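Each chain is listed here by its residues.
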Amino acid sequence: MTLYYRDDAVQVTSEAIHAGGHVVTLADVTYVWHARGPTTLAVRSRVLGRGVLVLLLSLPPLVAVVCVLSLAWAAQDRGNWQLALVVLAGCAVAALVLTPFLEVPLGWLDRSYDRGNRVHELWVQHHGREVMLLRTPDALRFGQIYRAVQRAVEQQGERR
């Protein structure tokens, strides 16, 4: 028996698929497909959180550009470029020092995109019935499970 995928709720082997309380033997599977399910609150909140995070990451550079332009305009009117250059140099150093701290929110944003923005469903035709084995909003996990099921079904077809 070959193990293609296993986590707390799903196990795909060369003999059967264990998911969602169902045990489906691969010899009885005639067709496998995936579908997009209805959007859940978790998916909507993930998309909303992603938008808020992008907004929060975009605002400081925009505010900095407005401040720099304002400072340059004021320095031009007064002819006092030395103070403007000192302030700009201080801001540039502060930006360089704070840049490594962007790793955490950018990691959150990256993981948010990995998890996707829709609900995925895994369906099989088993003994002439359509059975939904899995519904998940996690695109990365769904892709791994779906590919494991494909490999298992392909290997089953080669044995026949």
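In short, a report on the structure.

**Section: the sheet that holds strand β4 (residues 22-25)**
Then, in step 1: Taken together, the 4 strands give an open sheet; going across it, the order is β1-β2-β3-β4, and neighbouring strands pair in antiparallel fashion. The open sheet terminates on both sides in strands that have one partner only, identified here as β1 (3-6) and β4. Taking each pair of neighbouring strands and ignoring which way they run, the sheet shows an average axis angle of 5°.
Then, in step 2: Pairing geometry for strand β3 (residues 16-19) and β4, over 4 bridges, is antiparallel. Each residue of the ladder has a partner; that of I17, found in β4, is V24.

**Observations concerning the environment of T30**
Then, in step 1: Counting through the fold element by element, T30 comes out in strand β5 (residues 29-37).
Then, in step 2: Looking at T30, the relative accessible area reads 58%, which means it is exposed.
Then, in step 3: Once the C-alpha coordinates of T30 and Q144 are considered, the two residues, 114 residues apart in sequence, prove to be 21 Å apart.

**Brief notes about the packing of aromatic side chains**
Then, in step 1: What the rule picks out here adds up to 3 aromatic pairs.
Then, in step 2: Ring plane angle 10° and centroid distance 6.1 Å describe the contact between W33 and W123, whose orientation is recorded as stacked. Note that W33 is positioned in strand β5 and W123 in strand β6 (residues 119-126), a separation of 90 residues in sequence.
Then, in step 3: Both rings, one in F142 and one in Y146, keep their centres 5.9 Å apart while their planes meet at 15°; by these two values the pair is stacked. Residue F142 and its partner Y146 are both found in helix α4 (residues 139-159); the two are separated by 4 residues, about one turn of the helix. Here the two residues F142 and Y146 agree in accessibility, since each one is buried.
Then, in step 4: Three or more aromatic residues link up through ring pairs in this structure, and these residues are Y31, W33 and W123.

**Description of the pattern of salt bridges**
Then, in step 1: Tallied over the full model, the rule gives 3 salt bridges.
Then, in step 2: A salt bridge links E121 to R135; the shortest N-O distance between them is 2.3 Å. With E121 in strand β6 and R135 in strand β7 (residues 129-136), the pair connects residues that are 14 residues apart, well separated along the chain.
Then, in step 3: Given a relative accessible area of 44%, R135 falls into the partly exposed group.

**As for the state of the cysteines**
Then, in step 1: On inspection of all chains with the given rule, the structure shows 0 disulfides.
Then, in step 2: Of all cysteine sulfurs in the structure, the one in C91 sits closest to C67, which takes part in no disulfide; the separation is 7.8 Å.
Then, in step 3: With a relative accessible area of 48%, C67 lands in the partly exposed category.

**Observations regarding the nonpolar core**
Then, in step 1: Counting residues in each nonpolar core, the largest one holds 21 residues, and the members touching the most others are V12, L122 and L133.
Then, in step 2: Contributions of two or more residues to this core are made by β1, β2 (10-13), β3, β5, β6, β7 and α4.
Then, in step 3: Looking at which element gives the most residues to this core, the answer is α4, with 6 residues.
Then, in step 4: For L133, the contacting residues outside a window of four places in its chain are I17, A19, G20, H22, V24, L122 and V124.

**Re a nonpolar patch on the surface**
Then, in step 1: The grouping of V93, V97, L98 and F101 at the surface amounts to a nonpolar patch, some 430 Å² of accessible area in total.
Then, in step 2: Structurally, the position occupied by F101 is in the loop between α2 (81-98) and α3 (103-115).

How each quantity is defined
Residues numbered from 1 in each chain as written. Predicted model: local features only at pLDDT ≥ 70, side-chain atom pairs only at ≥ 80, totals over all residues. Heavy atoms only, no water. Pairing = 2+ DSSP bridges. Helix = DSSP H or I, 4+ residues; strand = E, 2+ residues; numbered from the N terminus. Axes fitted to C-alpha atoms, helices over the stretch in contact; angles between N-to-C directions. Buried < 20%, exposed > 50% of the residue type's maximum accessible area, 1.4 Å probe, protein only. Phe/Tyr/Trp six-rings, centres within 6.5 Å; stacked < 30°, edge-to-face > 60°. Salt bridge = Lys/Arg side-chain N within 4 Å of Asp/Glu carboxyl O. Disulfide = S-S within 2.5 Å. Core = buried A, V, L, I, M, F, W, Y, C linked by side-chain atoms within 4.5 Å. Contact = heavy atoms within 4.5 Å. Patch = residues over 30% accessible without salt bridge, like charges linked within 9 Å, V, L, I, M, F, W, Y side chains within 5 Å. Areas by Shrake-Rupley, 256 points an atom, 1.4 Å probe, with all protein chains shown as cover.

On their own, these measurements won't tell you what the molecule is for.
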